[in-house]
Amino acid sequence: SLGEQRQVGLIAQEVEAVLPQVVATGTDGLKSIDYGRLTALLVEVAKAQQREIAALTARLAALEAER
């Protein structure tokens, strides 16, 4: 039913292991992910990564300045 077009997504069982609240199991046993509920989490993860990158960049600059 998805057609021949290439699909992109996550594996529901892997997501369910860490975020069970965004995974639903249908009456047919198939699992699905509510991608809309992942958006806020992904934004916060990106922000945290940017903060870590900035901190590491500053640390590297400080170490280079000491040389």
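Our subject is the structure that appears above.
Residues numbered from 1 in each chain as written. Predicted model: local features only at pLDDT ≥ 70, side-chain atom pairs only at ≥ 80, totals over all residues. Heavy atoms only, no water.

J.: Can you break down the nonpolar core residue by residue, with the values?
T.: Formed by Ala-12, Val-15, Leu-19, Val-22, Val-23, Ile-33 and Leu-38, the largest nonpolar core amounts to seven residues. In this structure Val-15 touches Leu-10, Pro-20, Val-22, Val-23 and Ile-33, once residues within four positions along its chain are discounted. (Core = buried A, V, L, I, M, F, W, Y, C linked by side-chain atoms within 4.5 Å. Buried < 20%, exposed > 50% of the residue type's maximum accessible area, 1.4 Å probe, protein only. Contact = heavy atoms within 4.5 Å.)

J.: Kindly report on the environment of Leu-38, identifying the contributing residues and their values.
T.: With respect to the helices, strands and loops of the structure, Leu-38 is situated in the loop between strand 2 (31-33) and helix 2 (39-66). Given the relative accessible area of 5%, Leu-38 is considered buried. With residues near it in sequence (within four places) discarded, Leu-38 still touches Leu-10, Leu-19, Val-22 and Ile-33. (Helix = DSSP H or I, 4+ residues; strand = E, 2+ residues; numbered from the N terminus.)

J.: Can you tell me about the pattern of salt bridges, naming the residues and giving the values?
T.: Tallied over the entire structure, the rule returns two salt bridges. Note that Lys-31 is salt-bridged to Glu-16, the shortest N-O span being 3.2 Å. Here Glu-16 lies in helix 1 (residues 12-18) and Lys-31 lies in strand 2, a separation of 15 residues in the sequence. Judged by its relative accessible area of 31%, Lys-31 falls in the partly exposed class. Overall, Glu-16 belongs to the partly exposed group, its relative accessible area being 25%. Where Glu-44 meets Lys-47, a salt bridge forms, and the shortest distance between an N and an O atom there is 3.2 Å. On the criterion of helical spacing, the pair formed by Glu-44 and Lys-47 is a turn pair, its members being three residues apart in helix 2. For Glu-44, a relative accessible area of 43% puts it in the partly exposed group. Judged by its relative accessible area of 42%, Lys-47 is partly exposed. (Salt bridge = Lys/Arg side-chain N within 4 Å of Asp/Glu carboxyl O.)

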